[in-house]
Amino acid sequence: VYMVKWKPHRKDNYKLVRMLEGKGKYEGTLGAMVVTDGDNEFHVGSFAITDGERDRLWKNRGRLEGDAVVEIRYTELSDDGIPPSSVFRTIVKGKV
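Residues numbered from 1 in each chain as written. Predicted model: local features only at pLDDT ≥ 70, side-chain atom pairs only at ≥ 80, totals over all residues. Heavy atoms only, no water.

A. Highlighting the pairing of strand β3 (residues 41–44). Taking every second residue as pointing to the same face, the buried face of β3 carries F42 and V44, while none of E41 and H43 on the other face is buried. Two strands pair when backbone bridges link them, and strand β2 (residues 30–36) and β3 are joined in this way by four bridges, in the antiparallel orientation. Looking at the pairing, T36 lines up with E41 of β3. In this structure, the hairpin formed by β2 and β3 is closed by a connection of four residues, where G38 is found at a positive phi of approximately 105 degrees. (Buried < 20%, exposed > 50% of the residue type's maximum accessible area, 1.4 Å probe, protein only. Helix = DSSP H or I, 4+ residues; strand = E, 2+ residues; numbered from the N terminus. Pairing = 2+ DSSP bridges.)

This is the structure in structure tokens:
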């Protein structure tokens, strides 16, 4: 008998404020995103994308920052309304 732990995920759209350069393996490419829901601003440092997509986003950051809307997946919100363990999924609005 196998037990599987399952957590429901939610997803919402947030405005991309800026992108931050990575460190180590990700130096010179996308390391994290700062996003906002209008009230809260927070970092998203996990990505469900390939390294190539990460590079493409980083190279186009000037066109995306402050304008793009991104989809973030998370399991829960903190008391402050911030998803503490969020994962970037895709760009909803904005062209790369």
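B. Spatial organisation of the pairing of strand β1 (residues 10–21). Alignment of β1 against strand β5 (residues 69–74), held across six bridges, turns out to be antiparallel. The residue bridging N13 from the neighbouring strand is E71, located in β5. In the sheet, β1 pairs with β2 via six bridges, with the strands oriented antiparallel. From the neighbouring strand, M19 faces β2, where its bridge partner is M33.

C. The sheet that holds β2, seen in detail. Here we have six strands laid out as an open sheet, ordered β3-β2-β1-β5-β6-β4, and mixed in their pairing. At either margin of the open sheet sits one strand with a lone partner, and together these are β3 and β4 (46–47). Contacts between helix α1 (residues 51–59) and the sheet are confined to β1, β2, β4 and β6 (87–93), with β2 contributing the most and set at about 60 degrees to the helix. (Contact = heavy atoms within 4.5 Å. Axes fitted to C-alpha atoms, helices over the stretch in contact; angles between N-to-C directions.)

D. Local environment of the side chain of S86. Structurally, S86 can be placed in the loop between β5 and β6. Apart from the residues within four sequence positions on either side, S86 is in contact with F42, H43, V44, S46, I72, R73 and Y74.

E. Examining the environment of F88 more closely. Positionally, F88 belongs in strand β6. Taking the C-alpha atoms as reference points, F88 and W58, separated by 30 residues in sequence, lie 14 Å from one another. In contact with F88, other than residues within four places in its own chain, are M33, V44, S46, F47, A48, I49, L57, V70, E71 and I72.

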